[in-house]
Amino acid sequence: MSIKEDFDNLLDKLQIERDEINLKLHLASMEAKQEFEEAEKTWHRLKIKATEIADDSVETSEEFIAKAKIVGEELKDTYYRIGKRLAD
């Protein structure tokens, strides 16, 4: 599996997790809501990077994709923490 496919799979998983958390937010504490709002900013930046990576006319290096993937993994951890908080 290529790094681009890995990144696309990560984006798909993040979208699902994001949607699930968004549904539970109305029951969340203020702290979880604030953390989610910060995660939303990161999500939007990551989506912009994903668009750049997907655009074949734009030169993207392996390093750029790898850095975007790291941000995605950090966002995944954040979504997991928020989800755990909402489940308790």
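Residues numbered from 1 in each chain as written. Predicted model: local features only at pLDDT ≥ 70, side-chain atom pairs only at ≥ 80, totals over all residues. Heavy atoms only, no water.

How should I be thinking about the packing of helix H2 (residues 30–54) against helix H3 (residues 62–87) in this particular structure?
When two helices pack together, their arrangement is given by the angle between the helix axes and the distance between those axes. One can describe the packing of H2 onto H3 by two numbers: an axis separation of 10 Å at closest approach and a directional angle of 155°. Considered as vectors, H2 and H3 are oriented roughly antiparallel to each other. Where H2 crosses over H3, the two elements pack in a sense that is left-handed. Contacts between H2 and H3 involve Glu31, Ala32, Glu35, Phe36, Ala39, Glu40, Thr42, Trp43, Leu46, Lys49, Glu52 and Ile53 on the former and, on the latter, Phe64, Ile65, Ala68, Val71, Gly72, Leu75, Thr78, Tyr79, Arg81, Ile82 and Arg85. Residue composition of the contact of H2 with H3, grouped by class: 13 nonpolar, three polar and seven charged. (Axes fitted to C-alpha atoms, helices over the stretch in contact; angles between N-to-C directions. Helix = DSSP H or I, 4+ residues; strand = E, 2+ residues; numbered from the N terminus. Parallel < 35°, antiparallel > 145°, perpendicular 65-115°, else oblique. Left-handed = near helix turned anticlockwise from the far one by under 90°. Contact = heavy atoms within 4.5 Å. Nonpolar A, V, L, I, M, F, W, Y, C, P; charged D, E, K, R; others polar.)

Teacher, can you tell me more about H3 here?
Two residues of an α-helix separated by three or four positions point the same way, owing to the 3.6 residues in each turn. With 26 residues, H3 extends 37 Å from end C-alpha to end C-alpha; this agrees with the ideal 38 Å at 1.5 Å per step. Every buried residue of H3 is accounted for by Ile65, Ala68, Gly72, Leu75, Thr78, Tyr79, Ile82, Gly83 and Leu86. The elements touched by buried residues of H3 are helix H1 (3–24) and H2. (Expected span 1.5 Å × (residues − 1). Buried < 20%, exposed > 50% of the residue type's maximum accessible area, 1.4 Å probe, protein only.)

Would you mind showing me how to read the environment of Leu11 here?
Mapping Leu11 onto the fold places it in helix H1. Of the residues examined, Leu11 reaches a relative accessible area of 9% and is grouped as buried. In the structure, Leu11 is positioned 45 residues away from Asp56 in sequence and 18 Å away in space, judged by C-alpha atoms. Sequence-distant contacts of Leu11, defined by excluding residues within four places in its chain, comprise Trp43, Leu46 and Ala50.

Teacher, can you tell me more about the nonpolar core here?
Taken as a class, soluble globular proteins show a tendency for nonpolar side chains to be buried jointly. Phe7, Leu14, Ile21, Leu46, Leu75 and Tyr79 are the most contacted members of the largest nonpolar core, which totals 18 residues. Only H1, H2 and H3 provide two or more residues apiece to this core. Apart from residues no more than four positions distant in its own chain, Tyr79 is found in contact with Leu14, Glu17, Arg18, Ile21, Phe36, Ala39, Glu40 and Trp43. (Core = buried A, V, L, I, M, F, W, Y, C linked by side-chain atoms within 4.5 Å.)

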